[in-house]
Amino acid sequence: MSKRVTKKMVTPFETCGATGAVILVNLYDPQIPTMRLFLEAVENANLPALLVGNKLDLVSQEEVRRVQDELGMKFPVMSLLTGENVPAVVAGIEKRFPEGSRIVVLGIFNSGKTSLIAKLTGKNLKIGDLPGTTLEFEEHSWNGRVLIDTVGQVIDVNRPFMVGYDFTGCTGPAEMFEKALRLEAEGILSSIPTAKEGFLKALEAIHERLKKGGKIVTTGAGASALVAEEIAGQCYETGVPCLCITNNMAQALPVSFAKGTGEEEGGLARFIATCVEPKDVLVAISASGGTGFVYEAARLCREKGALTVAITENKDTPLGKYADIVIKSNAKPEGPSSTRIQTAHLAIGHALVCILAALRGVTAEESIGYMLPEKIATKKMGIK
Ligand SMILES: Nc1nc2c(ncn2[C@@H]2O[C@H](COP(=O)(O)OP(=O)(O)O)[C@@H](O)[C@H]2O)c(=O)[nH]1
Ligand SMILES: [Mg+2]
């Protein structure tokens, strides 16, 4: 029996009749604020929960300790890939949840929820590194217990308007306004520690490439396309050569000349890679890290020898994999709409361009020169 849910709206786990929860933490990209949300949710539901760290093969002991410190508790860690410590974790789950238990497996996408269930049950399940591989709550029997696979988001659909912000407790539009702006600001501030190292690395590498005659190409889709456009616009105003190619087909018009090579077929990714020279930098923006043409463009550009920089909330994704440098925001948790992530990415983009301009010694007078309109004599109406 499976309960169909849509990708963007998740049935609260209470409705699956769970009697216990295993919460998986992706040690490689722990997303602490979201994990706190999961912990809070199971506590509110009075659900006995077991926290388990996965992807131990990708991190150092020191990082494991840091994640445990940030979450304020020690918990078992394992690697489902190498099998390290898996038997001990399985024994722990059996001990904690007696026969007859209905165990819901929670965690962000890519933390290994479906992999764990496949390991326990021996079933061949759909596992993948793209957000949205599992799209329904699925039940699997294991050892006299039921394991419930979930979608990698916890959204309480009983709360009013969780799509953008949680306005619970706000008495009216005035309080909602203040809360919205504070949440946007928090998304920027909580991205400082996660983005800093990648940002500084990217800044230095981009500065070097620009000095050697390279340019920046930005890309993204949807709201991330707007971030890509904003970065390119700011670059123009500070004299940095920057092209922007997004899934806005006006920018990618030549792609439509090659019939049948639309976005899904990778035409857009190939077009971007054609415009990027080995000395250039691709700045690829994707909140999810799973936008097809964006990560494919990064893969192709890297293959050519260009530097690839990702701005994303999720580094354990195809985009994270194909980026030489990841600038990771930390603007979640929130509903499925990603206003806070976009705001954080805009702030990161602004910082990147403004610091680049400072490093390049752009003076106030020069920047005025880049911005001022210049009148160019042109033919008079009607005279050919
Ligand atoms: N490196 C590594 N990868 C893992 C591990 N466990 C799972 N994966 C990979 O992580 C990705 C997401 O796994 P999946 O089970 O679909 O995650 P879910 O979204 O939480 O259900 C897949 O590519 C898995 O092969 C692990 O311990 N180490
Ligand atoms: Mg899954």
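### Remarks on the side chain of K332
Consideration 1: In this fold, K332 is placed in the loop between β11 (325-328) and α12 (339-359).
Consideration 2: The buried charged residue K332 lacks any salt bridge, with E313 as its nearest oppositely charged partner at 5.1 Å.
Consideration 3: At 3.3 Å, the side chain of K332 forms a polar contact with the side chain of N314.
Consideration 4: Those residues in contact with K332 that lie beyond four places of it in its chain are Q31, P33, T34, E313, N314 and I341.

### Digging into the sheet that holds strand β8 (residues 242-244)
Consideration 1: Spatial strand order, β8-β7-β9-β10-β11: 5 strands in an open sheet with parallel pairing. Of all the strands in the sheet, the pair left with one neighbour each is β8 and β11. Averaged over all adjacent pairs, the angle separating strand axes in this sheet is 20°, with direction ignored.
Consideration 2: Taken together, the 5 bridges between strand β9 (residues 281-285) and strand β10 (residues 307-312) define a ladder with parallel strand orientation. Considered in β10, the bridge of A284 is made with A310.
Consideration 3: Where helix α10 (residues 292-304) meets the sheet, it contacts β7 (216-219), β9 and β10, and its direction lies at approximately 160° from that of β9.

### Describing the pairing of strand β2 (residues 20-26)
Consideration 1: Judged by how many residues are buried, β2 sits mostly within the fold: 7 of 7 residues are covered.
Consideration 2: Side chains G20, V22, L24 and N26 of β2 all project onto a buried face; the interleaved residues A21, I23 and V25 project onto the opposite face, where all are buried too.
Consideration 3: Pairing of β2 with strand β4 (residues 102-106) involves 4 bridges; the strand directions are parallel. Bridged to I23 within β4 is L106.
Consideration 4: Pairing of β2 with strand β3 (residues 49-54) involves 6 bridges; the strand directions are parallel. Note that in β3 the partner of N26 across the bridge is N54.
Consideration 5: Remark: the β2/helix α1 (residues 32-44)/β3 crossover connection has right-handed handedness.

### Some remarks on the site of ligand 1
Consideration 1: Close contacts around ligand 1 come from 18 residues, with D57, L80, N110, K113 and S115 the closest.
Consideration 2: One of the side-chain nitrogen or oxygen atoms of K55 is found 2.9 Å away from an oxygen atom of ligand 1.
Consideration 3: In this structure, D57 approaches ligand 1 through a side-chain N or O atom, which is 2.8 Å from a nitrogen atom.
Consideration 4: The greatest single-element share of the shell around ligand 1, amounting to 3 residues, is contributed by helix α4 (residues 113-121).
Consideration 5: Looking at side-chain class alone, the shell around ligand 1 contains 6 nonpolar, 8 polar and 4 charged residues.

### A closer look at the side chain of E313
Consideration 1: Mapped onto the fold, E313 is located in the loop between β10 and α11 (318-322).
Consideration 2: It turns out E313 is buried and unbridged, and the closest side chain with the opposite charge, K328, is 5.0 Å from it.

### Topic: the packing of helix α7 (residues 223-237) against α12
Consideration 1: Here α7 crosses α12 at 20°, and the two axes come no closer than 9 Å. Taken together, the axis directions place α7 and α12 in an arrangement best described as roughly parallel. Here α7 and α12 pass one another in a crossing that is right-handed. Seen from α7, the contacting residues are A223, S224, V227, E230, I231, Q234 and C235; seen from α12, they are Q342, H345, L346, G349, H350 and V353.
Consideration 2: Residue composition of the contact of α7 with α12, grouped by class: 6 nonpolar, 6 polar and 1 charged.

### Some words on the confidence of the model for the chain
Consideration 1: Of the residues in the chain, 89% have a pLDDT of 70 or more, and the chain-wide mean is 88.
Consideration 2: Low pLDDT (under 50) marks residues 1-11, which in the prediction has 29 contacts with non-local residues, meaning those over four places away or in another chain.

### Section: the packing of aromatic side chains
Consideration 1: According to the stated counting rule, one finds 1 aromatic pair in the structure shown.
Consideration 2: Just above the ring of W142 sits the side chain of R145; from NZ or CZ to the centre is 5.5 Å.
Consideration 3: Just above the ring of Y28 sits the side chain of K315; from NZ or CZ to the centre is 4.5 Å.

### With respect to the state of the cysteines
Consideration 1: For the structure on display, the rule yields 0 disulfides.
Consideration 2: The thiol sulfur of C301 is not disulfide-bonded, and the nearest other cysteine sulfur, from C275, lies at 9.1 Å.

### Points about the pairing of strand β5 (residues 136-142)
A regular strand places its side chains on the two faces of the sheet in alternate fashion.
Consideration 1: Relative to strand β6 (residues 145-149), β5 is paired through 5 bridges, and the arrangement is antiparallel. Pairing of S141 across the sheet is with V146, part of β6.
Consideration 2: The turn joining β5 and β6, which pair antiparallel and follow one another in sequence, is formed by 2 residues; a positive phi near 55° is taken by N143.

Cut-off values and rules
Residues numbered from 1 in each chain as written. Chains lettered and ligands numbered in written order. Predicted model: local features only at pLDDT ≥ 70, side-chain atom pairs only at ≥ 80, totals over all residues. Heavy atoms only, no water. Helix = DSSP H or I, 4+ residues; strand = E, 2+ residues; numbered from the N terminus. Buried < 20%, exposed > 50% of the residue type's maximum accessible area, 1.4 Å probe, protein only. Lys, Arg positive; Asp, Glu negative; His and termini not counted. Salt bridge = Lys/Arg side-chain N within 4 Å of Asp/Glu carboxyl O. Polar contact = N/O pair within 3.5 Å; in protein donor to acceptor, adjacent residues only side chain to side chain. Contact = heavy atoms within 4.5 Å. Pairing = 2+ DSSP bridges. Axes fitted to C-alpha atoms, helices over the stretch in contact; angles between N-to-C directions. Right-handed = clockwise from strand over helix to strand, strands pointing away. Near = heavy atom within 4 Å. Nonpolar A, V, L, I, M, F, W, Y, C, P; charged D, E, K, R; others polar. Parallel < 35°, antiparallel > 145°, perpendicular 65-115°, else oblique. Left-handed = near helix turned anticlockwise from the far one by under 90°. pLDDT = per-residue confidence, 0-100. Phe/Tyr/Trp six-rings, centres within 6.5 Å; stacked < 30°, edge-to-face > 60°. Lys NZ or Arg CZ within 6 Å of the ring centre and 35° of its normal. Disulfide = S-S within 2.5 Å.

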